[in-house]
Amino acid sequence: EKGLNFQDGIMVVIDDEQSETEEEERDHFRRREVKKLFDLVDKDGSGYIDRKELETLMKSLNQNFSRQQISEGFARVDADLSGRIEFGEFYDW
């Protein structure tokens, strides 16, 4: 849908369809980049991240969290409480 907008005193035609397409492209790019990171963390290629893989990630980032802190963080990301972090949960995090 096209519309009009006044920007700095100048009338500008806005093409919402183009804006949506650009936003979709950014979202697609972001999702693809996060998937690359997810796949790096998912060392065994299982399609999910377990506690040990999350702990390995934290250590590789020089983050000295206790096992309890890692477990608490894991629980916050594991939205469905399955005991593993699927890509969607990782992406939303």
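Criteria and thresholds
- Residues numbered from 1 in each chain as written.
- Predicted model: local features only at pLDDT ≥ 70, side-chain atom pairs only at ≥ 80, totals over all residues.
- Heavy atoms only, no water.
- Helix = DSSP H or I, 4+ residues; strand = E, 2+ residues; numbered from the N terminus.
- Contact = heavy atoms within 4.5 Å.
- Areas by Shrake-Rupley, 256 points an atom, 1.4 Å probe, with all protein chains shown as cover.
- Patch = residues over 30% accessible without salt bridge, like charges linked within 9 Å, V, L, I, M, F, W, Y side chains within 5 Å.
- Salt bridge = Lys/Arg side-chain N within 4 Å of Asp/Glu carboxyl O.
- Lys, Arg positive; Asp, Glu negative; His and termini not counted.
- Charge placed at Lys NZ, Arg CZ, Asp CG, Glu CD.
- Polar contact = N/O pair within 3.5 Å; in protein donor to acceptor, adjacent residues only side chain to side chain.
- pLDDT = per-residue confidence, 0-100.
- Buried < 20%, exposed > 50% of the residue type's maximum accessible area, 1.4 Å probe, protein only.

1. A word on the overall build of the chain
Phase 1 of the analysis: In terms of regular secondary structure, the chain is built from 4 helices and 4 strands.
Phase 2 of the analysis: In the chain, the succession of α and β elements from N to C terminus is β-β-α-β-α-α-β-α.
Phase 3 of the analysis: Once local pairs closer than 6 in sequence are excluded, the contacts in the chain between residues at least 24 apart make up 33%.
Phase 4 of the analysis: When the accessible surface of the chain is totalled, it reaches about 7300 Å², and 50% of it is carbon and sulfur.

2. With respect to a negative patch on the surface
Phase 1 of the analysis: Side chains of Glu20, Glu22, Glu23, Glu24 and Glu25 sit close together on the surface and give a patch of like negative charge.
Phase 2 of the analysis: Position of Glu23 relative to the elements: it lies in helix α1 (residues 16–41).

3. A word on the side chain of Glu89
Phase 1 of the analysis: Assignment of secondary structure puts Glu89 in helix α4 (residues 87–92).
Phase 2 of the analysis: One polar contact links the side chain of Glu89 to the main-chain amide nitrogen of Ala79, over a distance of 3.0 Å.
Phase 3 of the analysis: A polar side-chain atom of Glu89 sits 2.9 Å from the main-chain amide nitrogen of Glu86.
Phase 4 of the analysis: For Glu89, the contacting residues outside a window of four places in its chain are Val77, Asp78, Ala79, Asp80 and Arg84.

4. Notes on the environment of Phe74
Phase 1 of the analysis: Position of Phe74 among the secondary structure elements: in helix α3 (residues 67–77).
Phase 2 of the analysis: Sequence spacing of Phe74 and Ile49 is 25 residues, and the spatial spacing of their C-alpha atoms is 9.6 Å.
Phase 3 of the analysis: Ignoring any residue separated from it by four or fewer positions in sequence, one finds Phe74 in contact with Ile49, Asp50, Arg51, Leu54, Gly83, Arg84 and Ile85.

5. Side note on the confidence of the model for the chain
Do not read the fine detail of predicted coordinates wherever pLDDT is low.
Phase 1 of the analysis: Overall, the predicted model of the chain reaches an average pLDDT of 82, with 80% of residues at or above 70.
Phase 2 of the analysis: Counting interchain partners and residues more than four positions distant, the pLDDT-below-50 stretch residues 4–8 has 9 contacts.

6. Quick word on the pattern of salt bridges
Phase 1 of the analysis: Enumeration according to the criterion identifies 6 salt bridges in this entry.
Phase 2 of the analysis: Between Asp39 and Lys35 there is a salt bridge, with the nearest N and O atoms lying 2.7 Å from each other. Of this pair, Asp39 and Lys35 both sit in helix α1, 4 residues apart, roughly one helical turn.
Phase 3 of the analysis: Judged by relative accessible area, which is 40%, Asp39 ranks as partly exposed.
Phase 4 of the analysis: Under the relative-accessibility criterion, Lys35 is labelled partly exposed at 34%.
Phase 5 of the analysis: Among the salt bridges present, the one from Lys59 reaches Glu55, with a minimum N-O distance of 3.3 Å. Of this pair, Lys59 and Glu55 both sit in helix α2 (residues 51–60), 4 residues apart, roughly one helical turn.
Phase 6 of the analysis: Each of Glu55, Lys59 and Arg67 takes part in salt bridges that share partners, so that together they form one network.

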